[in-house]
Amino acid sequence: MTRYILRRLALLPLLMVVYSFVIFVIIQAPPGDFLTAYVATLASSGSSMSAEQVQALRQQYGLDQPMIVQYVLWLQHLLHGDFGLSLEYQRPNADLIGEQLGLTLALALFSLVLTWVIAVPAGIYSATHPRSWGDHALTVINYVGVATPNFMLALILMWIAFAYFDISVTGLFSPEFADAPWSLARVLDLLGHIWLPALVLGIAGTARLSRIMRANLLDELNKPYVVTARAKGMKEWRLVLRYPVRLAFNPLVSTIGWYLPLLFSGSLIVATVMNLPNIGPLLLRALVNQDMYLAGGILLIYSFLTVLGTLLSDILLALIDPRIRVEG
Amino acid sequence: MTTLDAGTVAEDRVAVASNWRLVWWRFRRHHLAMLSAVLLIGLYVVVLMPDFFATQDPERTDARQAFIPVQMVHLFDDGKLAPWVPAIAGKRNPVTLRMEWTTDKQRKVPIRFFAPGHRWRVLGLFETNLHLIAPADPTQRIFLLGSDRLGRDQWSRIMHGTQTSMTVGLVAVALSVILGVVLGGISGYVGGKTDQVIQRVIELLQSVPTIPIWLALSAALPRDWTPTEIFFAITVILSLVGWTTLGREVRGRFLALREEDFVLAARLAGCSQMRIILRHMVPTFLSHIIATSSLAIPVMIINETSLSFLGLGIRPPAISWGVLLQEAQNIQTLALAPWLLIPGLVVIVAVLAFNLVGDGLRDAADPYSQ
Amino acid sequence: MTPLLSVRDLRVSFALDEGLVRAVDGTSFDVMPGQVLGVVGESGCGKSVTMRAILQLIERPGRITSGEIRFRRRDGDNAVDIARLPPRGPEMRDIRGGEIALIPQEPMAAFSPVHTVGDQVIEAILLHGHRWQEGGRRLRRAEARDITVGLFRDVGISMPEQRIDAFSWQLSGGLRQRAMIAMALSCKPRLLIADEPTTAIDVTTQAQVLALLRDLQARYNTAIIFITHDLGVIAQMASYVVVMYLGRVMEQGPVDDIFHNPRHPYTKALLRSIPSLHGATRVALPVISGALPHPFNRPPGCPFHPRCPDAMARCAAAIPSLQPVAAHQLASCFLHHDQAEPA
């Protein structure tokens, strides 16, 4: 078990190097480099830069070097925690990302928890009451949930809240807490706001997860060990929770591997539509403005978070499933 | 005795039916899937000739006709078949200085089916002016699903958006299928180092959040590309990341089939590699691939819509469902003109239909997989 | 002697989309205290469904439609009718595991793979153990664990202290079935239902498990219903035999009478199909002609008549009832009596 975790941890840096290279190729792809974009931005705001200044900057950032050298330079800076400087904001990228990272993670994790809290009981209900009215109703909700794009759901909810209740559901804080320092009141205010975007973000995942839970549990309920447990004289609900649910739950843990990327993808869209503090909209702006090192930094953070999340879910799976723990 | 005979006749019929016929019989039993299939066929007819369904040129703007509400089609007038839509009456609000429109059911604008309107080319071949619905008076504009801030007709724009969005989904999935089957097939059939490399690439692609990568890739597209070039670039970008699921599945099937007796039998009979793959292996999971791809199309549609909605997918003047939904981004506008959300409902219905058909096909193709 | 369990005219049917399947169609038999009753029949003849019915473990869409399952409980003089008890009610749960225990067919699948075997046995003891404690005291987990170790030793599992923390997939097939037997015995049941307990394990282990069951039966005097399609196993284990076909009892009687003097054509056919060590080697083994009918197409009259070599016109018209045909033997066949089931 420990060896397994260590092996996976050792692989992590290698994986990140591969990701960083792919990401570098992508952010390099737009024509021109970020200085041409910068000069253009300056020109549009009326100021300008001399050719010598541009040349000096180009040398400073190593932009006159071949791509592979530039990549190595970028990687070196990254290893020292230096994400470069944002052109648009004229501030270190690390600060820009850092300010939003906490709330980005909070939204994703809150949504993950919400998804599980809803999907698992719904799946259990559906599987233990197959073909009942409740099961059919959940099936319909699931189909619609999967078919509705995140942003569409966000738009509809915002529109209903605005047009019929005259309230704004954007942002994660009430105005008075938006720039306030952290306090208990601010955390409570956050909890009062975060559930709606978390729900919007999690709806498709909830639908998919509860379908998976239902199918897994239906499978498990037909297994002989359930009959054995019944023949022992256990109470039905205790038996269902202790045996088949426990077994149906294990493959669900491995869904975190694909669900986390989905959550980060979705949070980008939901945060943009609902105007939330999040690195998603920051990435969108960076891409549109060719603020390449900011974009690269954010893409790298996304990859790191998903790789880390997948690793954690694999370890979790090994912890709860003896078949993997003992063999692995 | 007769029932027994009928039973054996039915059994005989099943015994000699081809696999495709069996799939079709099982699919037919899913009523919702059948209904959805009909709906999808309807949508693809729109894809073939959106102008026939449009009532006017989707690009025609008129700032004085902005935010006109939905004009509902009524089929009967005084108990006679005489289709009409209510007329629009506008009044400028003295405080906000906005035009405020109301529909006036007393004043009827007659419309006709299969009537002449603006000119268009059928599949780019010949010109016609025939439309499904047109106002009786060609100079009159009707807005079946309202108009946007530039006074463009949303109904006609949705018809054209359908063409783009449904095509993107189909082409992107077609590309993914080719990539998935070829790479997955190589991976599963050749095995060894090749398999290892392809598997690692798949894992890499599956473990990153797709939307940010898509956004980054499409942000890299040159600004001066034409809408058509952008369109194809977007489909390629979508399929570059989207083939992995299918690749995995095809590989799994190949791995399983490699060990099957009938493949060994074919090899012993002296069949060539190519013949074994194409004649013996692929047909056993072809129906499964079709089901999986029909479940991949809605994912592509949602992705395209999301990218375009964020401004980094299909770009105006091209029209897609996502482009149309950009008009609905502002909440104040939405409160004023909620019909701008209608393209989103079209997305939901289309995706729902694809999912139902896909599930129906999967159950029909692989009755034991549940 | 009054029977421990008495099944009368039991009927179980499954309402499937394709139609109603009558899996058990009027079965009657008795089990005496301490008796080993063998139930034989081809697969699909309703043996397992009957046993599930005794434990009220029939799952939807199946249900017990009529009949009685009278069981004499440990502390009662009057028998309860299990068929009338709510399947998930407290009394049924007391009986299950506590008084009637089950040894299932596949020990591998019958244990949960993510819980240790010991854990699953301890759970059974915790559920029922208090009823044979003085004053009904609930057992502590540590006590239940000690009992489990003792049980494992009793059923011949070596190193029970270690094996108790193993997962079922870490044990060999024989050990798994022994652990299963330990679990079934853990609450001192008065009736043990062994549902083909040796089919899934290899022949040598099979012999050991059978010896163990015989030994335990002699020691605790537990009544056993032993279900199998293997007549050889029946001859070793049972003192009384019930022969079933398509959900009905064809013949029943003491094991010697059934083997040496079978009355029903079905029993005769079954016995003829056993390979013999002493018989002529070059003779093709006789088979029962025809195939088991599809459950939706039950033949009218005696269920066996389409395959019966001695079938008469009447066999297709009426169902023969189970009647005494010799001193201790009962059969449902018009060759031996003319009592039909009431229509």
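Residues numbered from 1 in each chain as written. Chains lettered and ligands numbered in written order. Predicted model: local features only at pLDDT ≥ 70, side-chain atom pairs only at ≥ 80, totals over all residues. Heavy atoms only, no water.

For the rest of this paragraph, the subject is the domain arrangement of chain C. All names here are of chain C. The domain architecture assigned to chain C consists of domain 1 (1-99 + 191-204 + 224-275 + 285-299) and domain 2 (110-188). When each unit is reduced to the centre of its C-alpha atoms, the spacing between domain 1 and domain 2 is 27 Å. The partner domain 2 presents nine residues to the ten residues of domain 1 that form the contact. Taken together, both faces of the contact between domain 1 and domain 2 bury some 690 Å²; the carbon and sulfur share is 51%. Our count for the contact surface shared by domain 1 and domain 2 stands at zero salt bridges. In this structure, the connection of domain 1 to domain 2 is made through four residue pairs in polar contact (both at pLDDT 80 or more). For the side of domain 1 that touches domain 2, the element with the highest residue contribution is helix 2 (residues 90-98), accounting for five residues. Residue composition of the side of domain 1 that touches domain 2, by class: three nonpolar, two polar and five charged. (Domains from an automatic or database assignment. Contact = heavy atoms within 4.5 Å. Buried area = accessible area lost by both parts, 1.4 Å probe. Salt bridge = Lys/Arg side-chain N within 4 Å of Asp/Glu carboxyl O. Polar contact = N/O pair within 3.5 Å; in protein donor to acceptor, adjacent residues only side chain to side chain. Helix = DSSP H or I, 4+ residues; strand = E, 2+ residues; numbered from the N terminus. Nonpolar A, V, L, I, M, F, W, Y, C, P; charged D, E, K, R; others polar.)

Think of a pair of aromatic rings as described by two things: how far the centres are apart, and how the planes are tilted against each other in angle. Counted according to the given criterion, the structure contains 18 aromatic pairs over all chains. A ring pair is formed by Trp74(A) and Tyr293(A), whose centres lie 6.3 Å apart and whose planes are at 25°; its orientation type is stacked. Remark: Tyr293(A) occurs in helix 14 (residues 292-320) and Trp74(A) occurs in helix 4 (residues 67-79); sequence separation between them is 219 residues. A relative accessible area of 5% places Trp74(A) in the buried class. Pairing Phe264(A) with Tyr302(A) gives two aromatic rings, centres 5.7 Å apart and planes at 55°, and the pair type is tilted. Taken as a pair, Phe264(A) in helix 12 (residues 256-274) and Tyr302(A) in helix 14 lie far apart in primary sequence, 38 residues in all. Taken individually, Phe264(A) and Tyr302(A) each receive the classification buried, so the pair is uniform in this respect. An aromatic cluster of at least three residues, connected via ring pairs, comprises Phe21(A), Phe24(A), Tyr71(A), Trp74(A) and Tyr293(A). Above the plane of the ring of Phe173(A) lies Arg186(A), whose end atom (NZ or CZ) is 4.1 Å from the centre. Of note, Lys108(B) hangs over the ring of Trp84(B), and the distance from its end group to the ring centre comes to 4.9 Å. (Phe/Tyr/Trp six-rings, centres within 6.5 Å; stacked < 30°, edge-to-face > 60°. Buried < 20%, exposed > 50% of the residue type's maximum accessible area, 1.4 Å probe, protein only. Lys NZ or Arg CZ within 6 Å of the ring centre and 35° of its normal.)

Strand pairing in a sheet is mediated by backbone hydrogen bonds. Such pairs are either parallel or antiparallel. All names here are of chain B. The strand order across the open sheet built from four strands is 1-2-3-4, with neighbouring strands paired in antiparallel fashion. Each edge of the sheet is formed by a strand with only one pairing partner; in this case those strands are strand 1 (74-77) and strand 4 (126-135). With direction set aside, neighbouring strand axes in the sheet form an average angle of 50°. Two strands pair when backbone bridges link them, and strand 2 (residues 80-92) and strand 3 (residues 99-122) are joined in this way by nine bridges, in the antiparallel orientation. Its bridge partner being in strand 3, Trp84 is matched across the sheet by Pro110. (Pairing = 2+ DSSP bridges. Axes fitted to C-alpha atoms, helices over the stretch in contact; angles between N-to-C directions.)

All names here are of chain B. Taken together, the side chains of Val73, Leu75, Phe76, Leu81, Phe113, Phe114 and Leu130 define a hydrophobic patch exposed on the protein surface, amounting to about 680 Å² of accessible area. At the level of secondary structure, the elements contributing two or more residues to the nonpolar patch comprise strand 1 and strand 3. Here Leu81 is to be found in strand 2. On the basis of relative accessible area, Leu81 is assigned to the exposed category, the value being 65%. (Patch = residues over 30% accessible without salt bridge, like charges linked within 9 Å, V, L, I, M, F, W, Y side chains within 5 Å. Areas by Shrake-Rupley, 256 points an atom, 1.4 Å probe, with all protein chains shown as cover.)

Take the interface of chain A and chain B next. Taken together, the contacts link 37 residues of chain A with 40 residues of chain B. Across the chain A to chain B interface the summed buried area is about 3,400 Å²; carbon plus sulfur atoms make up 81%. It is Tyr143(A), Phe151(A) and Trp159(A) in chain A that bury the most area against chain B; as a group they hold 17% of the surface buried on that side. Run the count over chain A and chain B and you get zero salt bridges. Counting across the chain A and chain B interface gives four residue pairs in polar contact (both at pLDDT 80 or more). Going through the elements one at a time, helix 1 (2-28), helix 6 (133-147), helix 7 (150-164), helix 12, helix 13 (279-288) and helix 14 of chain A are the ones with two or more residues in the side of chain A that touches chain B. A per-element tally of the side of chain A that touches chain B places helix 7 of chain A first, with eight residues. When its residues are assigned to classes, the side of chain A that touches chain B shows 31 nonpolar, five polar and one charged.

So, about the UniProt feature "domain: ABC transporter" (unreviewed entry) in chain C. As annotated by UniProt and renumbered to match this structure, "domain: ABC transporter" (unreviewed entry) occupies residues 7-271 of chain C. A distance of 26 Å separates the end C-alpha atoms of residues 7-271 of chain C, which is 38% helix and 26% strand. (UniProt positions renumbered as here; feature names shortened; annotations may be inferred.)

Tallied over the entire structure, the rule returns 37 salt bridges over all chains. As a salt-bridge pair, Arg251(B) and Asp195(B) come within 2.6 Å of each other at their nearest N and O atoms. Of the two residues, Arg251(B) sits in helix 9 (residues 244-258) while Asp195(B) sits in helix 6 (residues 192-206), which places them 56 residues apart along the sequence. With respect to class, Arg251(B) is no different from Asp195(B); both count as buried. Here Glu161(C) makes a salt bridge to Arg153(C), at a shortest N to O gap of 3.0 Å. Take Glu161(C): its relative accessible area is 40%, and that puts it in the partly exposed class. Judged by its relative accessible area of 49%, Arg153(C) is partly exposed. One salt-bridge network, in which partners are shared between bridges, spans Glu59(B), Asp148(B), Arg149(B), Arg152(B), Arg157(B) and Glu327(B).

Taking the UniProt record as the reference, the feature "domain: ABC transmembrane type-1" (unreviewed entry) is found at residues 162-358 of chain B. Measuring from the first to the last C-alpha atom of residues 162-358 of chain B gives 20 Å, for a span that is 81% helix and 0% strand.

Leave glycine aside and you will find that most residues have negative phi; peptide bonds, for their part, are mostly trans. Cis geometry is adopted by the peptide bond preceding Pro317(B), which originates at Pro316(B) and carries an omega value of 10°. Not every positive phi belongs to a glycine, and Asp9(C) is a case in point at roughly 50°. With respect to the helices and strands, the residue Asp9(C) is situated in strand 1 (residues 5-16).

All names here are of chain C. The four strands lie next to each other as 2-1-4-5, forming an open sheet whose pairing is antiparallel. For this open sheet the edge positions go to strand 2 (19-31) and strand 5 (79-81), each flanked by a neighbour on one side alone. Neighbour-to-neighbour, the strand axes of the sheet open up by a mean angle of 10°, direction not taken into account. Summarising the sheet, strand 1 and strand 4 (residues 62-72) pair through eight bridges and their orientation is antiparallel.

Moving on, we come to the packing of helix 5 (residues 154-190) of chain B against helix 8 (residues 227-242) of chain B. Residue and element names in this part refer to chain B. Packing of helix 5 against helix 8 leaves a shortest axis separation of 8 Å and a crossing angle of 45°. Classed by the angle they form, the pair helix 5 and helix 8 counts as oblique. When the axes of helix 5 and helix 8 are compared, the crossing they make is right-handed. In this structure, helix 5 contributes Thr164, Thr167, Val168, Val171, Ala172, Leu175, Ser176 and Leu179 to the contact, and helix 8 contributes Phe231, Thr235, Val236, Leu238, Ser239 and Gly242. (Parallel < 35°, antiparallel > 145°, perpendicular 65-115°, else oblique. Left-handed = near helix turned anticlockwise from the far one by under 90°.)

This part is about the side chain of Thr162(B). Residues and elements named next belong to chain B. Inspection of the secondary structure assignment puts Thr162 in helix 5. For Thr162, a relative accessible area of 2% puts it in the buried group. Those residues in contact with Thr162 that sit more than four places away from it in its chain are Leu43, Val46, Val47, Thr167 and Trp321.

What follows covers the domain arrangement of chain B. Often, the extent of an interface is quoted as the loss of accessible area on bringing the components together. Residues and elements named next belong to chain B. By domain assignment, chain B separates into domain 1 (55-147) and domain 2 (157-365). Between the C-alpha centres of domain 1 and domain 2 the distance comes to 37 Å. Contacts between domain 1 and domain 2 engage ten residues on the former and eleven residues on the latter. Summing the contributions of domain 1 and of domain 2, the shared interface buries around 830 Å²; its carbon and sulfur component is 75%. The three residues of domain 1 that bury the most area against domain 2 are Pro58, Phe67 and Leu145, which together make up 60% of that side's buried surface. Summed over the shared surface of domain 1 and domain 2, the result is one salt bridge. Note that Glu59 and Arg157 form a salt bridge whose closest N and O atoms lie 3.8 Å from each other.

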